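One-letter residues, chain by chain:
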Amino acid sequence: LCQLTAVKMSNEYFRSPLETRWGSKEMRSIFGAQRKVECWRKLWLALAKGEKELGLPITDEQIADLEEHITDIDFDAAAKYEKELRHDVMAHVHTLGDAATKARPIIHLGATSQFVNCNSELLQIRDALNLVSVKLARVIDALGSFCSQWANEPCLGFTHLQPAQPTTVGKRAATWAQDLWLALEEVEFRLATLRFRGIRGATGTQASFMQLFDNDEDKVNKLDAYVCQAFDWPVDKRFPVCGQTYPRVLDGQIVSTLAVVAAAIHKMCTDIRLLASWREVEEPFEKNQIGSSAMPFKRNPMRCERACGLTKFVMAQVCSWEHVVCE
């Protein structure tokens, strides 16, 4: 989802329109390299704090060293390490060790790469779904105001794209708001049931942590809970069993939920595009906006067209992610 090594961005190289044209500043930040690696460092810090609290020989000085180097990420150094080591996580372990020299021996202690990969991705998913839910709620609220304003404005209803019986503009828009409300319920359900991976070690057995704590299962469980709580995740919302990664079924669930959101948006925007062709409704048209390079009188519904294009892409991901889940 993001490059973890230093990349010189310029117009000479391809950049995904998902970033340059479609992604909001907030969403791009959630999945940006800076935020991701900061999350890795916060995970390493929480792990070290928990291990210290439970009796491992980790000093206050080492903890302070980690705390001082959460944000100062040297991506150029990480890129050099990754070229040599061929391992992205270890490249950043070494990069952090170069900055936090006192803490170098205890960075990533007992963990596997998926400790930072999986947990950071689950945190990204949580943040991204929260952002989606807020934006959906805003659209629903705006549609509610629109519905009230035009509740008694008569218009012709259609079935099979053929003239049918009269309805009102507000009633028609209420069906769009309801679709988005149902989609919002799906997003909120995913957020309410989202689980954390926590500390599991290689292949999910916690063997490395059991070794660190002399087979004291209670301490390992307390460490798992400590890391979970450090990221404001309810302790009872952890996967009871994991392999090397968190269960990829979750990815399929998330993509399916986003596809429901996309379908609701696509339906609304398609309706608006059809109504625009009959001059029943129109998108806002800005003062200096150009409808067409050859036909300046045109008022293309470009916002709805963009929404339909992006939602088609989202809906198409469902099948490919199910293949990821099943392999």
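All of these numbers come straight from a predicted model, not from anything done at the bench.

## Regarding the overall build of the chain
Counting its regular elements, the chain contains 12 helices and two strands. Counting from the amino terminus, helix and strand elements in the chain follow one another as α-α-α-α-α-α-α-β-β-α-α-α-α-α. Against the compact-globule benchmark of 20 Å for 327 residues, the chain has a radius of gyration of 25 Å, which places it well outside the compact range. Taken over the C-alpha atoms alone, the chain extends approximately 75 × 45 × 35 Å along its principal axes. Sorting the 327 residues of the chain into buried and exposed places 40% on the buried side. Put simply, of all contacts in the chain between residues at least 6 apart along the chain, 72% involve residues at least 24 apart.

## Notes on the packing of aromatic side chains
Two measures describe an aromatic ring pair: the distance that separates the ring centres and the angle between the ring planes. Applying the stated criterion across every chain yields a total of five aromatic pairs. Their ring planes at 70° and their centres at 6.3 Å tell us that W40 and W44 sit as a pair that is edge-to-face. Here W44 and W40 lie together in helix α3 (residues 33-53), a separation of four residues that amounts to about one turn. According to the relative accessible area criterion, W44 is buried, its value standing at 2%. One aromatic cluster in this structure is built from F196, F231 and W233.

## Regarding the packing of helix α11 (residues 249-277) against helix α12 (residues 302-326)
In a packed pair of helices, the relevant descriptors are the angle between the two axes and the axis-to-axis distance. For the pair α11 and α12, the least separation of the axes is 8 Å and the interaxial angle reads 155°. In terms of axis orientation, α11 runs roughly antiparallel to α12. When the axes of α11 and α12 are compared, the crossing they make is left-handed. The class makeup of the residues in the contact of α11 with α12 is 17 nonpolar, six polar and five charged.

## Comments concerning helix α8 (residues 169-193)
Its 25 residues give α8 an end-to-end C-alpha distance of 37 Å, which sits within 8% of 36 Å, the value for a rise of 1.5 Å per residue. Those residues of α8 that are buried lie in contact with α7 (113-149), β1 (154-159), β2 (162-168) and α11.

## Re the side chain of T168
Considering the arrangement of structural elements, one finds T168 in strand β2. Side-chain polar atoms of T168 contact the backbone oxygen of A151, separated by 3.0 Å. Discounting residues that sit within four places of it in the chain, T168 has contacts with W150, A151, N152, E153, P154 and C155.

## Digging into unusual backbone geometry
One non-glycine residue, H160, adopts positive backbone phi at about 60°. Overall, H160 belongs to the exposed group, its relative accessible area being 77%. Of note in this structure, D232 is not a glycine but carries a positive phi near 55°. Here D232 shows up in the loop between α10 (217-230) and α11. A relative accessible area of 68% means that D232 is categorised as exposed.

## Structural notes on the packing of helix α5 (residues 75-85) against helix α6 (residues 88-99)
Viewed as axis vectors pointing N to C, α5 and α6 meet at an angle of 130°, and their least axial separation amounts to 8 Å. The angle between α5 and α6 falls in the class oblique. Pair α5 / α6 crosses with right-handed handedness. Within the contact between the two elements, α5 uses F75, A77, A78, Y81, E82 and L85 and α6 uses D88, M90, A91, H92, H94, T95 and D98. Here the residues of the contact of α5 with α6 sort into seven nonpolar, three polar and three charged.

## A short note on the nonpolar core
Grouped together as the largest cluster of nonpolar side chains are 68 residues, with contacts concentrated most on W44, L66, F115 and F196. The leading source of residues in this core is α7, at 12 residues. Setting aside residues no more than four positions away along its own chain, F196 makes contact with L43, N119, L122, L123, V227, C228, F231, W233, K237, R238 and F239.

## Brief notes about the pattern of salt bridges
Scanning the entire structure with this criterion turns up 20 salt bridges. Residue K49 is joined to E67 by a salt bridge in which the shortest nitrogen-to-oxygen separation is 3.1 Å. One end of the pair, K49, is in helix α3; the other, E67, is in helix α4 (residues 60-67), and 18 residues separate them in sequence. Relative accessible area serves as the criterion here: at 40%, E67 is assigned to the partly exposed category. Between E280 and R172 there is a salt bridge; the shortest N-O distance is 3.3 Å. One end of the pair, E280, is in the loop between α11 and α12; the other, R172, is in helix α8, with 108 residues separating them in the sequence. For E280, a relative accessible area of 35% puts it in the partly exposed group.

## A short note on the confidence of the model for the chain
Per-residue pLDDT for the chain has a mean of 93; in total, 97% of the residues score no lower than 70. Per-residue pLDDT stays below 50 along residues 1-8; that stretch engages in 20 contacts with residues further than four places along the chain or on separate chains.

Procedures and definitions
- Residues numbered from 1 in each chain as written.
- Predicted model: local features only at pLDDT ≥ 70, side-chain atom pairs only at ≥ 80, totals over all residues.
- Heavy atoms only, no water.
- Helix = DSSP H or I, 4+ residues; strand = E, 2+ residues; numbered from the N terminus.
- Rg over C-alpha atoms; globule rule 2.2 N^0.38 Å.
- Buried < 20%, exposed > 50% of the residue type's maximum accessible area, 1.4 Å probe, protein only.
- Contact = heavy atoms within 4.5 Å.
- Phe/Tyr/Trp six-rings, centres within 6.5 Å; stacked < 30°, edge-to-face > 60°.
- Axes fitted to C-alpha atoms, helices over the stretch in contact; angles between N-to-C directions.
- Parallel < 35°, antiparallel > 145°, perpendicular 65-115°, else oblique.
- Left-handed = near helix turned anticlockwise from the far one by under 90°.
- Nonpolar A, V, L, I, M, F, W, Y, C, P; charged D, E, K, R; others polar.
- Expected span 1.5 Å × (residues − 1).
- Polar contact = N/O pair within 3.5 Å; in protein donor to acceptor, adjacent residues only side chain to side chain.
- Core = buried A, V, L, I, M, F, W, Y, C linked by side-chain atoms within 4.5 Å.
- Salt bridge = Lys/Arg side-chain N within 4 Å of Asp/Glu carboxyl O.
- pLDDT = per-residue confidence, 0-100.

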